[in-house]
Number of protein chains: 6
Amino acid sequence: MNTLTQPQSDTLWHTIRRETEQACADEPTLASFLHLTVLRHQSFERVLAFHLSSKLASPIMDARALYEIYLNALRSDDSIVEAALADIVAYYERDAACDAYSLPLLYYKGFHAIQAHRINHWLWQQGRRTLAYFLQNRASEVFGVDIHPAARFGHGIMIDHGTGVVVGETAVLGNDISLLHGVTLGGSGKESGDRHPKIGDGVMIGANASVLGNIRVHNCAKIGAGSVVVEDVPAHTTVVGVPARTVVGQSGCHMPAAEMDQRI
Amino acid sequence: MNTLTQPQSDTLWHTIRRETEQACADEPTLASFLHLTVLRHQSFERVLAFHLSSKLASPIMDARALYEIYLNALRSDDSIVEAALADIVAYYERDAACDAYSLPLLYYKGFHAIQAHRINHWLWQQGRRTLAYFLQNRASEVFGVDIHPAARFGHGIMIDHGTGVVVGETAVLGNDISLLHGVTLGGSGKESGDRHPKIGDGVMIGANASVLGNIRVHNCAKIGAGSVVVEDVPAHTTVVGVPARTVVGQSGCHMPAAEMDQRI
Amino acid sequence: MNTLTQPQSDTLWHTIRRETEQACADEPTLASFLHLTVLRHQSFERVLAFHLSSKLASPIMDARALYEIYLNALRSDDSIVEAALADIVAYYERDAACDAYSLPLLYYKGFHAIQAHRINHWLWQQGRRTLAYFLQNRASEVFGVDIHPAARFGHGIMIDHGTGVVVGETAVLGNDISLLHGVTLGGSGKESGDRHPKIGDGVMIGANASVLGNIRVHNCAKIGAGSVVVEDVPAHTTVVGVPARTVVGQSGCHMPAAEMDQRI
Amino acid sequence: MNTLTQPQSDTLWHTIRRETEQACADEPTLASFLHLTVLRHQSFERVLAFHLSSKLASPIMDARALYEIYLNALRSDDSIVEAALADIVAYYERDAACDAYSLPLLYYKGFHAIQAHRINHWLWQQGRRTLAYFLQNRASEVFGVDIHPAARFGHGIMIDHGTGVVVGETAVLGNDISLLHGVTLGGSGKESGDRHPKIGDGVMIGANASVLGNIRVHNCAKIGAGSVVVEDVPAHTTVVGVPARTVVGQSGCHMPAAEMDQRI
Amino acid sequence: MNTLTQPQSDTLWHTIRRETEQACADEPTLASFLHLTVLRHQSFERVLAFHLSSKLASPIMDARALYEIYLNALRSDDSIVEAALADIVAYYERDAACDAYSLPLLYYKGFHAIQAHRINHWLWQQGRRTLAYFLQNRASEVFGVDIHPAARFGHGIMIDHGTGVVVGETAVLGNDISLLHGVTLGGSGKESGDRHPKIGDGVMIGANASVLGNIRVHNCAKIGAGSVVVEDVPAHTTVVGVPARTVVGQSGCHMPAAEMDQRI
Amino acid sequence: MNTLTQPQSDTLWHTIRRETEQACADEPTLASFLHLTVLRHQSFERVLAFHLSSKLASPIMDARALYEIYLNALRSDDSIVEAALADIVAYYERDAACDAYSLPLLYYKGFHAIQAHRINHWLWQQGRRTLAYFLQNRASEVFGVDIHPAARFGHGIMIDHGTGVVVGETAVLGNDISLLHGVTLGGSGKESGDRHPKIGDGVMIGANASVLGNIRVHNCAKIGAGSVVVEDVPAHTTVVGVPARTVVGQSGCHMPAAEMDQRI
């Protein structure tokens, strides 16, 4: 699945609301949190801006100001909300423990880190570098996920669990990608310029794997957990090891990101 | 050591109090913290509930309510406190830097993450899934440890340092296990059902190692740091590598979790 | 570069101020933060003490008291500030994404973790063990970096990104070292005593690599990402793999920490 | 009304719960607050201890510890809860704007100040003077009501609005008394000893009135707003003025505190 | 002055911005506060909603939610902003210590209390009684000003200093009124119904004066400090005393509220 | 008593420390608060600056910055600390409920309000008007005491209880003065210029009394509670009433502020 049509988006939003209403009834301890964060809002974009601002506000960065900054970004660039919705579907379809659309939205810090980055990238593009650095640091402290604001992300991306993920300045991620926790899309060398990986559509990268340097991981490749990749990976292949070598010429599934098969 | 007798538990509790009284006298800056958290309480269970609620409370989740939820759990299920005490002994005996029983209780986030999980598991079993998801997320943010509330833990477990540890929904951990930071007990594939590892008694898993899929790591096996394990590991063997292969047919000690020998 | 002369230090401090003044003008949302943290202070040591106390203060540890403790440490031991300045230069020279001296100071949690540790080490040496344990735990929660207060650090050290870094009690780091995130300088075995690695000058250790036991990584060696090292590494060599083996007899550059070449 | 029978207390508690359930349904923004403060508790005493600890906790005084101190006091001395319930009835019967029993409990700072004082008086009697002074100060900051912990209060007392009320160390208040905001029951002279007013049953004291010195205001007397009383006031009389003089030999109602007639 | 024309409102708003820009330059410690609260906003209504939400937010009432509630009220009822602007002019013209229009907006709690009440009155009219009671209590704690949400306020009202002011449920205030701190517009008797004062245009009421019962203080009357008024006051007269008597048949100025002559 | 000699100041400081050590031992719940606020400091000026910054810090005004501002003021102008010490002695000698020198310092908001004002006056004189207005507002919210930063205060001043006290811009207070809560030293008229009272040495002003206009209350005069004074009061006389009239040609004691006799 690449992007959602408007009816699909609307359905998703209403499903999230219904799930949240049920949760609200089940757990009164969290009723105001769920009302405040989801139920009182008229649109998904408000929910997203609100919840992210809850996560990253601090005595230095007022929650109201951050909420407005986030809302402004989401309204200025429709593609962020579209991508976030596609990400939610990705978690629901790929993570066997995720049996509700509201779960990634509310409770998965990998999801929060992706969306905070998308907005941070927008701020970066607007020239607000100081604010982007500040928020990158804050996300790194809160989520344990460190994504340079210049990195470019497609849609339908899942970062599972998230802790330890690092994505560098010139990294580019396509669509429908799954990254497990601890994944590094890192640079190589002290010179500036284009020095981080380009990840194709449908790629899955296992836990704690490192992909280093300006290399290309082609569509639907799979990188095993703990592997270290320093050379291009052809499409539909699986690589594994430190350093990684090809183990399967054609990866054993249509789209590794969707299958989430961790066997190597 | 498996479980503590009541006299052993009482002795441990009194030792912790004595250590804390000494710390209180040594460091007046922390005197009220130590009094508030340890010395004013009549029982270990109160200390545990109090300290965990200090760690995980937030503007959304009131510290008093969380303390009561935690205390209620500990009183409803004696085995959680028993297991926590066995865990403290495990840290003391296995971590050479741990020269006081109060250290894991007060300052080791791996220990905090285990105990928060044990209670979260109890909440999960009580059907309070919304609250369990909420607290899993909170623990993941604060400790960098992400344990699905359904995972089952034995006693005498040490998670050293903790950052980056991930344990999946259908994982089962036996007793007297040592996990270093960055260890993943992960699933494989997008289908639900039993898909995470089963870890036997006495197992040690080194830093950043990944054990993936519904496989069995038998008693007293040892998994080297950075290894990726996707197949069963026989008892008393050591495996290492990406992917891991057996390096020692019979691991060179009675119980790797207790020896903590990281050589491979 | 090893240490900075006084004129170099003064120049660095004035450069940081100028950069911050510019950031202040560019981003009024952060103006008071930047004024409060940098511009109103007469010296770099005050800025460092202030910013670290912002990061690690909590309801238990008052920000004013922590600021005074930190300032006292920095005034009692000049070498901490000297080393911190050398670290800033290291980030600037080695991290291609770091194009201003103020960035590591303000926004890099790896830098914050190093400096918090340097002061924590000073507290440890003063016999304030309770406070040192408390602050080690706090840094581990906030930065995801867990450094035992007894570990000894040289100057010119860069910890990039930081999440998941663990450094044990008897580890010793020389000068001009680069550690990526997820690096472990761990012990082996449950016995106390000297049991952690000794890292020579100019060494670079890649992401998620583990160096385990009382071994020696000699000057200007390079350890590949994801590698697990359990034996001494000769000077000017590159090792890689799980377990690591030598891949280059003479590492291909003068000082790997400065080159940051992640290829293996 | 003097004291409530147990069935009356139970009825009152259930009425408060019903009112709160309705408020919870009407105003989801406050649902968790109402659940947390009222609905999840099994008894009125828990609600009272919880809500007062919400009001007076601070970074110095942990909410959990304060809640336990308050709960312990309420359990040790039944008469505090009995008096608090009688106070609620007093507000309901005498304050025309109070059309629900839950209103004083939840929203009237005069009520909060009385109950915080009752417990503070208990602490004072237990010899915990430091804590009592601390909490007196805290209540004075939060409620604008300054009551010395040694002052003795009967039951069925209403302090309306509260701001500016001051009650001195040796003051004694009987039962069924109404004090408006700004009322002072003050001392006279710098010598210690019994130097504050004694207020009889059924007395009403109008806004900003001062009663000064060890004098006696006999049962069912009425003191006009803004008056200054420095001599005994006979029963069933009304006094007014600066200084106050008797305006009505027999106050024109059975119990001024209940009638709340401010005419003079 | 009764109401401002649109050009006057615009001029006032721009003057406030200019004053704030100057303050921002003079006091960098408060630069972000002033930016956050005033300078980044496009309209006065946003500033008002933001600043009031800063004052009254709490762990129970999220600042973002309160800001939205306040903004919604201000947008739904233009007259609140119009009245607030007229109030600012009133402070500027009547309070000799007020030499800038931004001062009441930013720093005068009497002004904050009036505006919080105007919005609370709107909530009351919308049927949100629970929220109105909650916010009345919060304002009473923070400002020491207790205004029943049903009370009706005109425009051009100044409450100077504010502490201790109480205004009852059925009170009605006209336009261009000055109240000093400690003023009570209170009820009389325990019966519900219309029982509080009606205050005409141009009236001034001195510090700590009480006006009690359903009486009428006619236009341009003046009530001396500390007085207690229980009967109607004719227009253009001055009354004083406990109880108050007429001292000047025709008060010695056109509009006492504007003159602020406290002599009696 | 006018001012303290250095030996007296030193004795007072050591007495306060001793009292605090005893309180610390008696009430472990407050041990860290007392250590943090008093015992760890080398001088009274640090204690004063620290405690006031605890009271008035907020998310907008960092506690560390405020502490430094306060400490800087106290070091720049010795007379503030001298006056504060004289004030403490005044409370001890005049308030029968005050049986320890540490009580006003730690727990009396009237004392806190005076000292916060003294420093605010210093800021005002330094031209930091924006900061002074900000802190005046903050003190008004926290203490319920509203003192214009330009007002001039002597030493040996006691404000008892404090709630509702208002002091205007051009008011001048001599030495050894006692003000009860609710006292207003207010202006009259909307014109700027010298318009507030001048209070001589040794004066006592009772609760809720108002002194209005540029009038002079001569040395050792006494103003009864609730009185309203709009004309000069001769030395050694007692006035009372609304408006006040002389009741005693020569007030019945040497210095009313010291005697605290509230009879009229």
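Reading guide: rules and limits
- Residues numbered from 1 in each chain as written.
- Chains lettered and ligands numbered in written order.
- Predicted model: local features only at pLDDT ≥ 70, side-chain atom pairs only at ≥ 80, totals over all residues.
- Contact = placed C-beta atoms within 7 Å.
- Helix = DSSP H or I, 4+ residues; strand = E, 2+ residues; numbered from the N terminus.
- Nonpolar A, V, L, I, M, F, W, Y, C, P; charged D, E, K, R; others polar.
- Domains from an automatic or database assignment.
- Core = buried A, V, L, I, M, F, W, Y, C linked by C-beta atoms within 7 Å.
- Buried ≥ 20, exposed ≤ 12 C-beta atoms within 10 Å, placed from the backbone.
- Pairing = 2+ DSSP bridges.
- UniProt positions renumbered as here; feature names shortened; annotations may be inferred.
- Least-squares fit on C-alpha atoms with pLDDT ≥ 70 in both.
- Axes fitted to C-alpha atoms, helices over the stretch in contact; angles between N-to-C directions.
- Parallel < 35°, antiparallel > 145°, perpendicular 65-115°, else oblique.
- Left-handed = near helix turned anticlockwise from the far one by under 90°.

## With respect to the interface of chain F and chain D
Part 1: Across the contact, 37 residues belong to chain F and 38 residues belong to chain D.
Part 2: Contributions of two or more residues to the side of chain F that touches chain D are made by α1 (6-26), α5 (78-94), α6 (102-107), α8 (129-143) and α9 (256-259) of chain F.
Part 3: Looking at side-chain class alone, the side of chain F that touches chain D contains 16 nonpolar, 13 polar and eight charged residues.

## Quick notes on the domain arrangement of chain A
For an interface, size is often stated in terms of accessible area lost upon the parts coming together.
Residue and element names in this part refer to chain A.
Part 1: Assigned domains within chain A: domain 1 (1-144) and domain 2 (151-264).
Part 2: With 21 residues of domain 1 at the interface, the matching set in domain 2 holds 18 residues.
Part 3: Of all elements in the fold, only α5 (78-94) and α7 (109-125) reach the threshold of two or more residues within the side of domain 1 that touches domain 2.
Part 4: For the side of domain 1 that touches domain 2, the element with the most residues is α5, which contributes eight residues.
Part 5: A breakdown of the residues in the side of domain 1 that touches domain 2 according to their chemical character gives eight nonpolar, six polar and seven charged.

## So, the interface of chain F and chain E
Part 1: Taken together, the contact between chain F and chain E spans 38 residues of the former and 37 residues of the latter.
Part 2: Going through the elements one at a time, α8, β6 (184-186) and β9 (210-212) of chain F are the ones with two or more residues in the side of chain F that touches chain E.
Part 3: Looking at the side of chain F that touches chain E element by element, the count peaks at eight residues for α8(F).
Part 4: Taken together, the residues of the side of chain F that touches chain E break down into eleven nonpolar, 20 polar and seven charged.

## Re unusual backbone geometry
All names here are of chain B.
Part 1: The peptide bond linking Val 242 to Pro 243 adopts the cis configuration, its omega dihedral lying at -5°.
Part 2: Mapping Pro 243 onto the fold places it in the loop between β14 (238-240) and β15 (245-248).
Part 3: The backbone of Asn 208 sits at a positive phi, close to 65°, despite the residue not being glycine.
Part 4: Examined against the element boundaries, Asn 208 turns out to sit in the loop between β9 (204-205) and β10 (210-212).

## Brief notes about the nonpolar core
Part 1: Core analysis: the biggest nonpolar cluster contains 588 residues, and A:Ile223, B:Ile223, C:Ile223, D:Ile223, E:Ile223 and F:Ile223 have the highest contact counts within it.
Part 2: Sequence-distant contacts of F:Ile223, that is, excluding residues within four places in its chain, are made with F:Ile205, F:Gly206, F:Ala209, F:Val211, F:Val217, F:Val229, F:Val233, F:Val239 and F:Ala244.

## Overview of the sheet that holds strand β7 (residues 198-199) of chain C
All names here are of chain C.
Part 1: A sheet is described by the order of its strands in space; here three strands give the open sequence β4-β7-β10, paired in parallel fashion. The open sheet has two free edges, formed respectively by β4 (172-173) and β10 (216-217), since each of these has just one partner strand.
Part 2: Across two bridges, β7 lies against β10 in parallel orientation. The residue of β10 that forms the bridge with Ile 199 is Val 217.

## Considerations on the UniProt feature "domain: Serine acetyltransferase N-terminal" (unreviewed entry) in chain A
Part 1: Sites flagged by UniProt as "domain: Serine acetyltransferase N-terminal" (unreviewed entry) map to residues 12-116 of chain A.
Part 2: The span residues 12-116 of chain A is 78% helical and 0% strand by assignment, and the distance between its end C-alpha atoms comes to 20 Å.

## Considerations on the pairing of strand β14 (residues 245-248) of chain E
Two faces belong to every sheet, and in a regular strand the side chains alternate between them.
Residues and elements named next belong to chain E.
Part 1: Where strand β13 (residues 238-240) meets β14, three bridges bridge the pair, whose relative direction is antiparallel. Within the sheet, the bridge partner assigned to Val 240 lies in β14 and is Arg 245.
Part 2: As consecutive antiparallel partners, β13 and β14 are separated by four residues, and within that stretch Gly 241 has a phi angle of approximately 110°, a positive value.

## Some points on the relation of the copies chain F and chain D
Part 1: Overlay of chain F on chain D (RMSD 0.0 Å): rotation 120°, translation along the axis 0.0 Å. The symmetry that links the two subunits is that of a three-fold axis.

## What to know about the packing of helix α5 (residues 78-94) of chain D against helix α7 (residues 109-125) of chain D
Residue and element names in this part refer to chain D.
Part 1: Remark: α5 packs on α7, axes separated minimally by 11 Å, with the N-to-C direction vectors making an angle of 165°. Here α5 is positioned roughly antiparallel relative to α7, judged by the angle of their axes. Handedness of the crossing formed by α5 with α7: right-handed. Across the interface between the two elements, Ile 80, Ala 83, Ala 84, Asp 87 and Tyr 91 of α5 pack against Phe 111, Ile 114, Gln 115, Arg 118, Ile 119 and Trp 122 of α7.
Part 2: By residue class, the composition of the contact of α5 with α7 is eight nonpolar, one polar and two charged.

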